[in-house]
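Summary of structural features
Next come the chains, spelled out residue by residue.
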Amino acid sequence: MRAEIIAVGTELLMGQIVNTNAQYLAKGLADIGVGVYFQTVVGDNVSRIKESLHIAKGRADLIICTGGLGPTQDDLTKDVLGEVLGQKLVIHEPSMNKMTEMFQRRGIPMVESNARQALMLEQSDPLPNDTGLAVGVAVTHEGTHYILLPGPPKEMKPMFDRYAKPWIESKMDHVQPLYSIMLKFAGIGESALEHALIDLIEAQTDPTIAPYAKEGEVAIRLTTRASSADEAMARLRPLEAEIRGRLNEHIYAAEDITLEQQVLRMLAESGQKLAVAESCTGGLLSDLLTAVPGSSQSFVGGVICYSVALKHKLLGVPMELLEGPGAPGAVSEETAAELARNTLRLLDADVAVSITGVAGPDETEGKPVGLVYAGLAHRNGQAFAIKLQLSGNRETIKLRAAKSALYHLWKTIKS
């Protein structure tokens, strides 16, 4: 079954909200073996919605629309689909009763336009809305399946999961879901990763290999369609083993989690406490760590030592390292190591990470933009620092510096 998702709403086209519904639906459909071949976004316009439905009908077996089911005059999706299929709109009495009772309970008069939310196509199956008012629609016409879901995610998600998904499965002759393994990489760029796996990527049939990249991390999704998890894993595991054999030093997880999540998990499992000292990243590393629920179990805190004076006064870096003739400077291997060592002691941690560098846009101490040192210190080992030469604008360099520091921390914990 080939599917197309049509998101209806001018606010989506204008960038006022992000189309998270399409992502949720695509994943949910893949779980039951339905491939999403196209995604469309269309504004609240009768002719353009109609055109989108006609195009989708020519290339998809299942068309799912989100949005445009509300009470206002620009909520047009049911009206347009009814016109396209030649079906009248009728009141779904249970939805109307629910709506009427709600307004009575709240002591608010119900304006006539609210009744639009209880409309459904005359030959359709209603999809109850457990968290809102607008009833959904599921209908088959001339071999094509149509589903209309509300736009608000808090209404769309439960309606899809509880009612639309079972309806779709009832229309499928054989459900063969997709199974995937997600491998997460750090310390390697997308192009370098592709180069290492190019023969596997070019020869892929089943399973498929799909790379994904974002700043500081790369992922590969291995996917196959199978009748059972055991059958799927029998295909996926040999390919995973081959990739691990080539790039295991960069694979930090076999699930869709962030590098900071994995680092904190490993620290928690080993009972270690982490502290950080940040200069050029200005607290970004701490922000990444504290964004993970439960991070307080392992992360004790950090210091933003942006100025030379604070590096010296609070973290005890000798001035002969920071300034003066022949001094390595604030951006140096020596300073990064000293920052990590002293942060470890000051905050009574088991492991400490420091970051100092030049985020730009101008040079510092005559050193180029993108030069960063990440320091690491362990309670049972010596402090050391790693030199990084990063590219990008100021924000990109800061994020890459934080992720690179996490990668080297991960390697240290793993070993």
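Basis of the calculations
- Residues numbered from 1 in each chain as written.
- Predicted model: local features only at pLDDT ≥ 70, side-chain atom pairs only at ≥ 80, totals over all residues.
- Heavy atoms only, no water.
- UniProt positions renumbered as here; feature names shortened; annotations may be inferred.
- Pairing = 2+ DSSP bridges.
- Helix = DSSP H or I, 4+ residues; strand = E, 2+ residues; numbered from the N terminus.
- Axes fitted to C-alpha atoms, helices over the stretch in contact; angles between N-to-C directions.
- Expected span 1.5 Å × (residues − 1).
- Bend = angle between axes of the 7 residues up to and from the residue.
- Buried < 20%, exposed > 50% of the residue type's maximum accessible area, 1.4 Å probe, protein only.
- Contact = heavy atoms within 4.5 Å.
- Lys, Arg positive; Asp, Glu negative; His and termini not counted.
- Salt bridge = Lys/Arg side-chain N within 4 Å of Asp/Glu carboxyl O.
- Parallel < 35°, antiparallel > 145°, perpendicular 65-115°, else oblique.
- Left-handed = near helix turned anticlockwise from the far one by under 90°.
- Nonpolar A, V, L, I, M, F, W, Y, C, P; charged D, E, K, R; others polar.
- 1 Å grid on protein atoms, 1.4 Å probe; cavity = no way out; pocket = protein on both sides within 12 Å on 5 of 7 lines; lining within 4 Å.
- Points joined across faces, edges and corners; volume = space filled by probe spheres on them.

The protein chain has the name Putative competence-damage inducible protein in an unreviewed UniProt entry, where Paenibacillus ehimensis is given as its organism. Of the protein chain, the UniProt comment under Sequence similarities (unreviewed entry) reads exactly: "Belongs to the CinA family."

1. Observations concerning the sheet that holds strand β7 (residues 136-141)
As a general point, the strands of a sheet are linked pairwise by backbone hydrogen bonds and lie either parallel or antiparallel. Spatial strand order, β2-β1-β3-β8-β7-β6: 6 strands in an open sheet with mixed pairing. The open sheet is flanked by β2 (35-42) and β6 (125-127), the only strands paired with a single partner. Going from strand to strand, the sheet's axes swing by 20° on average, the running direction of each strand aside. For strand β1 (residues 2-8) and β2, the ladder comprises 7 bridges, and the chain directions are parallel. Among the inter-strand pairings, arginine 2 is bridged to a residue of β2, identified as glycine 35.

2. Concerning helix α6 (residues 153-170)
For α6, spanning 18 residues, the distance from its first C-alpha to its last is 24 Å, which sits close to the expected 26 Å at 1.5 Å a residue. Along its length, α6 reaches its greatest deviation from straightness, about 50°, at phenylalanine 160. Looking only at α6, the buried set comprises Glu155, Met156, Pro158, Met159, Phe160, Ala164, Lys165, Trp167 and Ile168. Elements in contact with the buried residues of α6: α2 (20-31), β3 (62-66), β6, β7 and β8 (144-149).

3. With respect to the sheet that holds strand β13 (residues 274-278)
The sheet built from 5 strands is open, its strands ordered β14-β13-β15-β16-β17 with mixed pairing. Each end of this open sheet is capped by a strand with a single partner; those strands are β14 (299-304) and β17 (384-389). Adjacent strand axes in the sheet meet at a mean angle of 15° when their direction is disregarded. Sheet topology note: the β13/β14 ladder contains 5 bridges and is parallel. The residue of β14 that forms the bridge with leucine 274 is phenylalanine 299. Along the sheet, helix α13 (residues 333-346) makes contact with β13, β15 (351-357), β16 (371-378) and β17, crossing β16 at roughly 35°.

4. Re the side chain of lysine 311
Within the secondary structure layout, lysine 311 lies in helix α11 (residues 308-313). Despite its burial, lysine 311 pairs with no opposite charge; the closest candidate is glutamate 365, at 7.6 Å N-O. Apart from residues no more than four positions distant in its own chain, lysine 311 is found in contact with Ser279, Cys305, Tyr306, Gly316, Val317, Leu322, Ala330, Thr335, Leu339 and Thr356.

5. A closer look at the packing of helix α9 (residues 259-270) against helix α14 (residues 394-414)
Two numbers describe how α9 lies on α14: the axes approach to 10 Å, and their chain directions differ by 30°. When the interaxial angle is binned, α9 and α14 end up roughly parallel. Note that α9 runs across α14; the crossing there is left-handed. Along the contact surface, α9 presents Leu259, Glu260, Gln262, Val263, Met266 and Leu267, while α14 presents Lys403, Leu406, Tyr407, Leu409, Trp410, Ile413 and Lys414. Residues that form the contact of α9 with α14 fall into these classes: 9 nonpolar, 1 polar and 3 charged.

6. Details of the pattern of salt bridges
Using the criterion set out here, one finds 24 salt bridges in the structure. Between glutamate 155 and lysine 154 there is a salt bridge, and its shortest N-O distance comes to 4.0 Å. With relative accessibility at 57%, the residue lysine 154 sits in the exposed group. Each of Lys184, Glu217, Asp256, Glu260 and Lys403 takes part in salt bridges that share partners, so that together they form one network.

7. Some details on the layout of surface pockets
Of the voids in this model, the largest pocket is the one considered here, and its volume is about 920 Å³. Lining the largest pocket are 29 residues, and of these Lys27, Met182, Tyr212, Arg221 and Asp256 lie nearest its centre. For the lining of the largest pocket, the secondary-structure elements that each account for two or more residues are α2, β2, β9 (178-185), β10 (208-214) and β11 (217-225). Looking at the lining of the largest pocket element by element, the count peaks at 7 residues for α2. A breakdown of the residues in the lining of the largest pocket according to their chemical character gives 15 nonpolar, 6 polar and 8 charged. Taken together, 20 residues make up the lining of the second largest pocket; nearest its centre are Ile188, Gly189, Gly216, Arg400 and Ser404. Sorting the residues of the lining of the second largest pocket by element identifies β10, β11, β17 and α14 as the ones contributing at least two each. Among the elements that line the lining of the second largest pocket, the one with the most residues is α14, at 5 residues. Residue composition of the lining of the second largest pocket, grouped by class: 7 nonpolar, 7 polar and 6 charged.

8. Quick word on the UniProt feature "domain: MoaB/Mog" (unreviewed entry) in the protein chain
UniProt records the feature "domain: MoaB/Mog" (unreviewed entry) for residues 4-171 in the present numbering. Summarising residues 4-171: 41% helix, 23% strand, and an end-to-end C-alpha distance of 16 Å.

9. Regarding empty space enclosed by the protein
This structure, assessed with the given rule, holds 1 cavity of 30 Å³ or more. Within this model, the largest cavity holds a volume of roughly 40 Å³. Taken together, the residues of the lining of the largest cavity break down into 3 nonpolar, 2 polar and 4 charged.

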